[in-house]
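Architecture and fold: a report
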Amino acid sequence: MKYLAPWIVTPFILALAACSDSGNSNSNSGESIDPPDPAPLYSAEVRRTEFGIPHIKAQDWGSLGYGYGYAYSQDNFCVTMREIAQAGGRWAELTGAQVERDHLWRYLNGDREAFKADFFDVLPQRDRDLVTGFAAGMNRYLDETGIDQLPAGENGCRGEPWVYRFDHLDLMMYLRKIALQASTDQSIVRDAILRVQGPPAQQVASADLQELSPSLYQSLKTLGETVRPTEVGSNAITLGGNATQSGAGMLLGNPHQPWNGSGRWYEAHLTIPGEYDVAGASLQGLPWIGIGFTRDLAWTHTVDYATRFTLYEVTLNPDNPMQYDYDGQWRDIEATTVAAQVLQEDGSLATVERTFYSTHYGLVLDLGGVDPAIGGWPTAAGTLISMRDANLDTGLRSLTQYVEKAQASDMEGYRHALRHIGNPVFHEFAADRHGGMYYGQISAVPHVTQAQLDTCQTGIMGIIATVSSNAFTGLDGSRSECEWGEDADAPTGTHVYGLAAHPQILGRGAVGNSNNSYWLSDPTMPLEGFPVVFGWMGHEGNQQFMRTRITHIMIGERLAGTDGISDAPLFDLQTLKTVMYLNRVHAAEIVLDDVLEICGDYLDDPEAEIEPATREALSETCDVLANWDRHANVDSRGTQVFIEFWGGIRDELGSQFQNIVVGDDFWKVDYDPADPIHTPRGIDTALPANHDLVIKKLLRAHQRLTDAGVALDARWGDTQFLERNDERVAIHGGMGQAGIFGAISSGLGEGGYRNPGSGNSYIQAVTWDGSECPIADTMLVHSQSVQPTSEHYADQSRLYAKKEWVRFPFCEEEIQAAQIGETLVLESD
């Protein structure tokens with residue numbers, strides 16, 4: 001393997017126009033002429049506009065990556081450096097910690113030569129150049145800055161032992177790790193892999209599921225509670241010409257990503273003149289734009305709860321626990337031992353080995369960590385569970401797909417780029433200047449048919465599927481008919497569904513999604529008849545999230561012009577941005593009137609025996625809710641009371657997997673699959689049990705807020721905030737499970753809801769007029785830099801608090817007008 005570094009690092013130079021003195025150009029002077037300097041390996045220019053947004057321009061892909069890697073590192077080098085050290089399986093070698101994870105990544109990556117052959121050399125030259133250049137740019141920043149001068153603090157890495165010069169393969173390992181976050185590197189799966197200790201010493205005894213302890217079912221329900229979805233999600237609205245006043249396409253992207261770590265967004269603009277010109281945001285350390293826009297189109301994603309992997313249950317040989325049955329023949333379980341270095345207290349390195357076990361499907365799992373009753377090797381049924389992951393090689397195709405999406409000029413071209421199935425976990429949304437719009441559930445989904453689900457989910461796998469609402473797909477691994485299938489248009493050898501098989505809409509109407517399945521992306525045209533593997537969260541005919549419902553309610557009201565924003569129907573850019581920041585609390589819209597009625601009846605009941613302190617607490621709670629505006633704006637007073645109340649209701653009645661409130665006796669109008677956007681709603685006030693529940697949860701809300709020192713009628717912006725140095729920045733939005741479109745994930749602690757962990761992050765509202773330039777208003781809620789010393793540590797956060805936006809400069813004249821500071825030219829031999 002040949003590594004590009006070390007190179008000669010040239011100093012920073014300003015972009016200057018080349019000129020010459022005509023007096024020195026006489027070819028007959030007799031003076032010797034020095035040969036021209038060799039062309040640099042990389043050459044890129046970086047210009048910054050407001051809020052620290054870098055605009056990188058280069059003439060080739062390697063140079064573009066070089067400029068981007070350097071510019072990114074100026075803001076957030078340490079975030080990605082940490083991830084690279086972990087993805088390469090070197091963390092224990094450098095820190096002495098987490099050797100188990102190093103073992104896993106060394107197993108998944110193999111040796112460097114094998115990884116290079118399997119995951120780098122097979123990429124198109126363009127993609128290899130971009131990755132190699134990005135790594136070189138990051139290394140240049142490290143060389144110029146020096147380890148001991150890197151940023152310090154919580155998000156820094158000054159003097160850390162895990163900082164080192166790395167190459168393109170190290171970066172590619174990190175890119176692959178990102179693609180596996182929803183499958184093999186999901187915490188519950190990773191833990192199950194690392195629990196495996198090998199085969200039992202004694203003979204395997206088979207068991208009949210009917211004779212197993214009744215606690216097994218409850219044990220598997222614990223699995224559901226463990227993997228209950230979090231608020232890491234997204235909203236998206238894409239509008240075709242029939243839904244906009246101008247007739248051009250329009251798009252709102254609103255991912256709810258983490259505000260720290262590798263899942264955080266970074267804004268940039270990347271240009272190779274005549275070949276590639278795209279702006280938007282990427283996740284930390286990724287050399288491509290993940291959500292963005294071009295002259296002709298814009299796109300975004302929402303997290304898609306489709307199936308990413310399949311659990312396979314195999315029958316063990318009772319005489320040899322290292323064999324399993326497959327179509328009546330015994331197959332051997334493969335054992336692979338990997339070694340990792342571990343730093344010792346005296347500074348020496350010790351070699352630690354670990355053995356991983358796999359069937360032909362993939363790695364063996366031990367689910368005994370969820371509950372011992374499930375068992376490991378063997379399970380309580382005398383079987384073994386292994387896993388096949390659809391995303392093991394998705395990272396190979398991601399870069400290719402994202403580059404081609406940005407090179408498309410319309411929706412057909414955009415859809416064509418999706419044939420690579422290089423998206424590991426997202427719904428796709430796009431709009432173009434011509435008035436076209438597109439939606440597709442186009443991510444890596446194992447090719448498991450509904451017929452296979454109906455016939456192959458047996459044994460423990462059948463119980464897991466039932467209890468988890470199909471969040472976990474498990475099949476009988478002893479029969480070949482339960483293997484994944486293959487589509488002719490799928491990437492060769494992947495055995496995922498091909499592009500044509502996925503749910504999708506291509507048209508000129510309106511589509512929205514807030515992390516439920518594909519089913520109601522357009523409620524006027526439901527997508528139906530697809531296997532549950534395409535979307536188990538809010539699958540066809542099932543109750544939907546509160547956020548899903550408010551999304552479609554707001555779209556419908558805006559199309560009709562009945563939302564009070566503007567009398568004119570359909571969307572323009574301003575009304576789209578207004579919808580983004582409305583902060584309606586939909587759960588309050590459908591239950592609060594009944595809550596206040598129950599509260600009033602209880603307080604006015606002459607026969608109720610109420611302690612004075614209880615009466616005072618309940619009266620205060622209900623008075624605040626009665627005067628609340630039912631929004632989560634910074635000036636709203638009482639949002640915290642409803643959020644704590646609704647959290648209590650969800651604790652009592654929330655489903656394990658679906659993030660909804662269920663209960664046949666709770667709702668006044670039960671869920672109706674024929675009216676999924678408007679049901680269920682209202683509280684059945686005729687039932688005394690509901691009165692008791694509401695009063696209990698109102699008092700709980702009062703107690704929790706009082707214990708945290710939060711006034712019930714405090715401004716929401718004084719209660720939920722982001723701490724930046726000595727400043728508190730108010731954050732509007734709130735609990736997505738309460739039906740707040742602008743979801744913010746923050747837990748109640750002393751003094752309020754401090755420092756949200758995720759939620760509204762990179763937001764973009766994009767459309768076009770008759771000019772060549774796109775019109776893009778954006779907002780990076782957590783701001784560009786993780787460093788407290790940076791002027792871009794909180795600048796956009798302050799704008800977000802005021803519901804403002806940033807007009808993203810895209811065309812050359814816009815960039816020149818908005819440029820701050822000098823142009824930086826980067827060259828490398």
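Now for a quick tour of the structure.

**Focus: the nonpolar core**
Ranked by size, the top nonpolar core spans 201 residues in total, and within it L64, F77, Y276, F293, W299, Y414 and I763 carry the most contacts. At 14 residues, helix α1 (residues 61–87) tops the list of elements feeding residues into this core. Counting 44 residues, the second-largest nonpolar core is a separate cluster that includes V591, L603, L698 and A738.

**A short note on the layout of surface pockets**
Taken as a whole, the second largest pocket encloses approximately 410 Å³ of empty space. Lining of the second largest pocket is provided by 20 residues; of these, I643, M735, Q737, S746 and G747 occupy positions nearest its centre. For the lining of the second largest pocket, the elements supplying multiple residues, two or more each, are α17 (639–653), α18 (688–707) and β26 (744–745).

**Focus: the state of the cysteines**
Under the counting rule described, the total for this entry stands at 4 disulfides. Paired by a disulfide, C456 and C482 hold their sulfur atoms 2.1 Å apart. In this structure, the disulfide formed by C456 and C482 twists by about -85° around the S-S bond and is classed as left-handed. Placement of C456 in helix α11 (residues 450–456) and of C482 in the loop between β19 (473–476) and β20 (504–507) is noted, with a sequence separation of 26 residues between them. Each of the two residues, C456 as well as C482, counts as buried. Cysteine pairing in the protein follows 1-2, 3-4, 5-6, 7-8, where each cysteine in a disulfide is numbered by its order in the sequence.

**Structural notes on the environment of Y141**
Looking at the secondary structure, you find Y141 in helix α5 (residues 125–145). You can call Y141 buried: its relative accessible area is 9%. Separated by 72 residues in the primary sequence, Y141 and G69 have C-alpha atoms spaced 8.4 Å apart. Ignoring any residue separated from it by four or fewer positions in sequence, one finds Y141 in contact with Y70, S73, Q74, F77, L150 and P151.

**Let's talk about the packing of aromatic side chains**
Inspection of the entire model under this criterion finds 34 aromatic pairs. Relative to F134, the ring of Y68 lies with its centre 5.4 Å away and its plane at 80°, an arrangement referred to as edge-to-face. Here Y68, found in helix α1, pairs with F134, found in helix α5; they are 66 residues apart in sequence, far enough to count as distant. No difference in accessibility class separates Y68 from F134, as the two residues are buried. Plain terms: the ring middles of F642 and F645 are 5.9 Å apart, the flat faces sit at 50° to each other, and that makes the pair tilted. Here F642 pairs with F645, and both are found in helix α17, just 3 residues apart, close to one helical turn. Of the two residues, F642 and F645, neither departs from the other in class, the shared state being buried. Pairwise contacts between aromatic rings join W628, F642, F645, W646, F666 and W667 into one cluster.

**As for a negative patch on the surface**
Residues E597, D601, D604, D605 and E607 make up a contiguous surface patch of negative charge. Here E597 shows up in helix α15 (residues 586–604). On the accessibility criterion, E597 (39% relative accessible area) is partly exposed.

**Things to note about the pattern of salt bridges**
Tallying each qualifying case throughout the model produces 41 salt bridges. Of the charged contacts in the structure, one is a salt bridge between R584 and E557, with a shortest N-O distance of 3.0 Å. Here R584 is found in the loop between α14 (573–580) and α15, whereas its partner E557 is found in helix α13 (residues 546–560), with 27 residues between them in sequence. Residue R584 is classed as buried on the basis of its relative accessible area, which comes to 15%. The shortest N-O distance in the salt bridge between R704 and E644 comes to 2.5 Å. Here R704 is found in helix α18, whereas its partner E644 is found in helix α17, with 60 residues between them in sequence.

**Notes on unusual backbone geometry**
For the bond running from W377 to P378, omega is 5°, close enough to zero to count as cis. Examined against the element boundaries, P378 turns out to sit in the loop between β15 (364–365) and β16 (383–389). The amide bond that connects T679 to the next residue, P680, takes the cis arrangement and shows omega of -5°. With respect to the secondary-structure elements, P680 resides in the loop between β22 (667–669) and β23 (681–683). Phi is positive for N515, close to 90°, though the residue is something other than glycine.

**A few points about the side chain of N109**
With respect to the helices and strands, the residue N109 is situated in helix α3 (residues 99–109). Accessibility expressed as a relative area gives 5% for N109, which makes it buried. Within the local environment of N109, its side chain forms a polar contact with the backbone oxygen of A87, the two atoms lying 3.0 Å apart. Setting aside its immediate chain neighbours within four residues, N109 contacts A87, F115, M173 and R176.

**As for the sheet that holds strand β25 (residues 727–730)**
In space, the 3 strands of this open sheet follow the order β25-β24-β27, with mixed pairing throughout. Taken across any chain shown, the strands that pair with only one partner, and hence form the sheet edges, are β25 and β27 (753–754). Relative to β27, strand β24 (residues 720–724) is paired through 2 bridges, and the arrangement is parallel. Bridge pairing in β27 links Q720 to Y753.

**Observations concerning the pairing of β16**
Taking burial as the measure, the 7 residues of β16 include 7 buried ones, the bulk of the element. Here β16 shows two buried faces, one formed by T383, I385, M387 and D389 and the other by L384, S386 and R388. In this sheet, β16 lies alongside strand β10 (residues 309–317) in antiparallel orientation, the contact comprising 7 bridges. The residue of β16 that forms the bridge with V314 is L384. Of the pairings in the sheet, the one linking β15 to β16 comprises 2 bridges and is antiparallel in character. Paired with V364 across the two strands is S386, which belongs to β16.

Calculation criteria
- Residues numbered from 1 in each chain as written.
- Predicted model: local features only at pLDDT ≥ 70, side-chain atom pairs only at ≥ 80, totals over all residues.
- Heavy atoms only, no water.
- Core = buried A, V, L, I, M, F, W, Y, C linked by side-chain atoms within 4.5 Å.
- Buried < 20%, exposed > 50% of the residue type's maximum accessible area, 1.4 Å probe, protein only.
- Helix = DSSP H or I, 4+ residues; strand = E, 2+ residues; numbered from the N terminus.
- 1 Å grid on protein atoms, 1.4 Å probe; cavity = no way out; pocket = protein on both sides within 12 Å on 5 of 7 lines; lining within 4 Å.
- Points joined across faces, edges and corners; volume = space filled by probe spheres on them.
- Disulfide = S-S within 2.5 Å.
- Contact = heavy atoms within 4.5 Å.
- Phe/Tyr/Trp six-rings, centres within 6.5 Å; stacked < 30°, edge-to-face > 60°.
- Patch = residues over 30% accessible without salt bridge, like charges linked within 9 Å, V, L, I, M, F, W, Y side chains within 5 Å.
- Areas by Shrake-Rupley, 256 points an atom, 1.4 Å probe, with all protein chains shown as cover.
- Salt bridge = Lys/Arg side-chain N within 4 Å of Asp/Glu carboxyl O.
- Lys, Arg positive; Asp, Glu negative; His and termini not counted.
- Charge placed at Lys NZ, Arg CZ, Asp CG, Glu CD.
- Polar contact = N/O pair within 3.5 Å; in protein donor to acceptor, adjacent residues only side chain to side chain.
- Pairing = 2+ DSSP bridges.

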